Amino acid sequence: MNRITDNDVLTELGFRYDPGDLYQQTIDAVLHAADLVDVPRYLRLILAQPKNELIVHFPVQFDDGRYQLLKGYRVQHNNILGPYKGGMRFHQSVNLDDIKSLSVLMTMKCSLARLPFGGAKGGVQVDPRQCSSNELMRLTRRFTSALGSNIGPGHDIPAPDMGTNAQTMAWLADTYMNINEPEDRMNGLAVATGKPLHFGGSHGREQATGQGLVHVLEVLLPEMNMEFDKLAFSTIGYGNVGSWAARLLTERGAILRAVLDHTGAIFHERAIDAIDLAHYVQSTGGVAGYAQAESISTEDFYSTQVDLFIPAALEQMIDLDKAKMLRCRAVVEGANAPTTPEADRHLAERDITVLPAILCNCGGVTVSYLEWKQNRQVETWEEARVTAALQKTMLGAAQRVKIAAKNHHCDLRTASYIVALEQIKNVYDVRGVFP
Ligand code: NAD
């Protein structure tokens, strides 16, 4: 792609063209959709850079007494629709470019789902598997205090992501409540979502992303002439998203045929029991050694014949080589940005439909919104109320994407960005640009 003719916005902003850069890839895709709906140039420029990119360095004492200086990030991409919202990731590979990309995707995701949130993302460059629980607590508290007033219930609301969980959010919220003014302390519970149920969490949050993905399929499977009880699928990743998607899909009659995670790959020609595998992974940490299925190579995993292939692990795992191996009818993106642009183009050439992440995994942030709403209203909703609201949001988002793809004769990823951009553009139209 020629940056000068195809993406002069990034050129004007001084980016040096790098087709392998996840941030540039993300903005390229958004701006391609912007072309189809006449997004004005000033808005393209605004969306092509995050509003704020915060990097903090903070010391943490480890259990053996030594201190380490850690690097933490919070990138706030856009808040025209409401407070910034996005996950906090603890992983050794966390870097500014990836966090920026993920913050853009959050802006798009919240807009697509019609949630009153903007987009953000953050994280700490650390391997949480090498940390004790006490070390994780100290680093979470120190990171939260380093972020100071850059987060808050009405300003920027973190959530769990890879390497963080409900406990991390409990430490984060507790720290926020301890270091802030009394009024903020009262509302402090709403500073983070994905918290434990007995500390302001919401029913239905744990399975929300997998559940949302299944609702998207309710709308889009008929478009692909598929039915739940006649399809086989495989997943990369068997953590929160992968295992819940698998459990809920098998509940509808679909067959789980293969799983790959960081420990290995497994296959069963008839079916893998998704619930039994979830228990196994919870106790052992990975799918390797699961006796009720056959161990296979990574290559065999990617070339297993299935109807749906569900990446639910890291970004950029499906590159061109992997895409060439796939034997599926659709890729359903549970993870954020799992498919490279080259792989995307290859899949399109082979008529393999890609259901994009900002649609498929927006169930997580939707229930996060419901948690935030409950915290702010000092209420606890029953699970049925949460799941009904999730279903309504997901079906609405999937319908909007389906209609946009038809109206604009485009792929579903472009259609998702179109739906998101239209909403953002409408709000900029009425709010204007300050001052
Ligand atoms: P998780 O930590 O619960 O699970 C991650 C999974 O990825 C694990 O099964 C792990 O084994 C696997 N994995 C890690 N490295 C791998 C590798 N090199 N090869 C193969 N597998 C590998 O994480 P999660 O919450 O399920 O999130 C997965 C993805 O979905 C992430 O991209 C995350 O940002 C995205 N996401 C999550 C949610 C949510 O609600 N949890 C919401 C939206 C998006």
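Residues numbered from 1 in each chain as written. Predicted model: local features only at pLDDT ≥ 70, side-chain atom pairs only at ≥ 80, totals over all residues. Heavy atoms only, no water.

(A) Up close: the layout of surface pockets. Estimated volume of the second largest pocket: approximately 1,200 Å³. Along the walls of the second largest pocket sit 49 residues, with Ala29, Asp344, Asp411, Arg413 and Thr414 positioned nearest its centre. Of the residues assigned to the lining of the second largest pocket, the class counts are 23 nonpolar, 11 polar and 15 charged. (1 Å grid on protein atoms, 1.4 Å probe; cavity = no way out; pocket = protein on both sides within 12 Å on 5 of 7 lines; lining within 4 Å. Points joined across faces, edges and corners; volume = space filled by probe spheres on them. Nonpolar A, V, L, I, M, F, W, Y, C, P; charged D, E, K, R; others polar.)

(B) Summary view of the sheet that holds strand β11 (residues 330-332). Taken in spatial order, the 7 strands of this open sheet run β9-β8-β7-β6-β10-β11-β12, and their pairing is mixed. Edge positions in the sheet fall to β9 (294-296) and β12 (353-355), since each of these pairs with one other strand and no more. Within this sheet the neighbouring strands show an average axis-to-axis angle of 20°, counted without direction. Pairing of strand β10 (residues 308-311) with β11, which is carried by 2 bridges, proceeds in the parallel orientation. From the neighbouring strand, phenylalanine 309 faces β11, where its bridge partner is valine 331. (Pairing = 2+ DSSP bridges. Helix = DSSP H or I, 4+ residues; strand = E, 2+ residues; numbered from the N terminus. Axes fitted to C-alpha atoms, helices over the stretch in contact; angles between N-to-C directions.)

(C) View of helix α10 (residues 240-251). The end-to-end C-alpha separation of α10 is 17 Å, in line with the 16 Å expected for 12 residues at 1.5 Å each. Taken across its 12 residues, α10 has 9 buried, putting it largely inside the fold. For α10, the full list of buried residues reads Val241, Gly242, Ser243, Trp244, Ala245, Ala246, Arg247, Leu248 and Leu249. Buried residues belonging to α10 abut α9 (208-220), β6 (232-236), β7 (255-261), α11 (274-284) and β10. Of the residues flanking the end of α10, it is glycine 253, one or two places downstream, whose phi is positive at about 100°. (Expected span 1.5 Å × (residues − 1). Buried < 20%, exposed > 50% of the residue type's maximum accessible area, 1.4 Å probe, protein only. Contact = heavy atoms within 4.5 Å.)

(D) Structural detail: the site of the ligand. Taken together, the neighbourhood of the ligand is formed by 21 residues, with Thr209, Tyr238, Asn240, Val241 and His262 sitting nearest. At 2.6 Å from an oxygen atom of the ligand is found a side-chain nitrogen or oxygen belonging to threonine 209. Here an oxygen atom of the ligand and a side-chain polar atom of asparagine 336 are 3.0 Å apart. Taken together, the residues of the shell around the ligand break down into 9 nonpolar, 8 polar and 4 charged. (Near = heavy atom within 4 Å. Polar contact = N/O pair within 3.5 Å; in protein donor to acceptor, adjacent residues only side chain to side chain.)

(E) Looking closely at the packing of aromatic side chains. Evaluation of the coordinates by the stated rule reveals 10 aromatic pairs. When the centroid spacing of 5.7 Å and the interplanar angle of 55° are considered together, the rings of phenylalanine 301 and phenylalanine 309 count as tilted. Of the two residues, phenylalanine 301 and phenylalanine 309, both sit in the buried class. For the ring pair tyrosine 302 and phenylalanine 309, a centre distance of 5.8 Å and an interplane angle of 35° mean the geometry is tilted. We note that tyrosine 302, like phenylalanine 309, is buried. An aromatic cluster is defined as three or more aromatic residues linked by ring pairs; in this entry it consists of Phe117, Tyr369 and Trp372. Positioned above the aromatic ring of tryptophan 244, the side-chain terminus of arginine 247 is 3.8 Å from the ring centre. (Phe/Tyr/Trp six-rings, centres within 6.5 Å; stacked < 30°, edge-to-face > 60°. Lys NZ or Arg CZ within 6 Å of the ring centre and 35° of its normal.)

(F) Quick look at the environment of alanine 337. Structurally, the position occupied by alanine 337 is in the loop between β11 and α14 (341-349). With a relative accessible area of 14%, alanine 337 lands in the buried category. Setting aside residues up to four positions removed in sequence, alanine 337 forms contacts with Leu22, Leu105, Glu315, Gln316 and Ala357.

(G) Representation of the sheet that holds strand β1 (residues 52-61) within the structure. On the basis of which strands lie adjacent, the open sheet formed by 5 strands has the order β1-β2-β4-β3-β5 and mixed pairing. On the outer flanks of this sheet lie β1 and β5 (156-160), each paired with one strand and no other. Going across the sheet, the axis of each strand differs from the next one's by a mean of 25°, ignoring polarity. As paired strands, β1 and strand β2 (residues 67-78) are joined by 10 bridges and run antiparallel to one another. Bridge assignment links glutamate 53 to a residue of β2, and that residue is valine 75.

(H) How the structure looks around the packing of helix α17 (residues 383-408) against helix α18 (residues 412-431). Here α17 crosses α18 at 105°, and the two axes come no closer than 8 Å. Considered as vectors, α17 and α18 are oriented roughly perpendicular to each other. Only Leu412, Ala415, Ser416, Ile418, Val419 and Glu422 of α18 make contact with α17, whose side of the interface consists of Arg400, Val401, Ala404, Ala405 and His408. Of the residues belonging to the contact of α17 with α18, the class tally is 7 nonpolar, 2 polar and 2 charged. (Parallel < 35°, antiparallel > 145°, perpendicular 65-115°, else oblique.)

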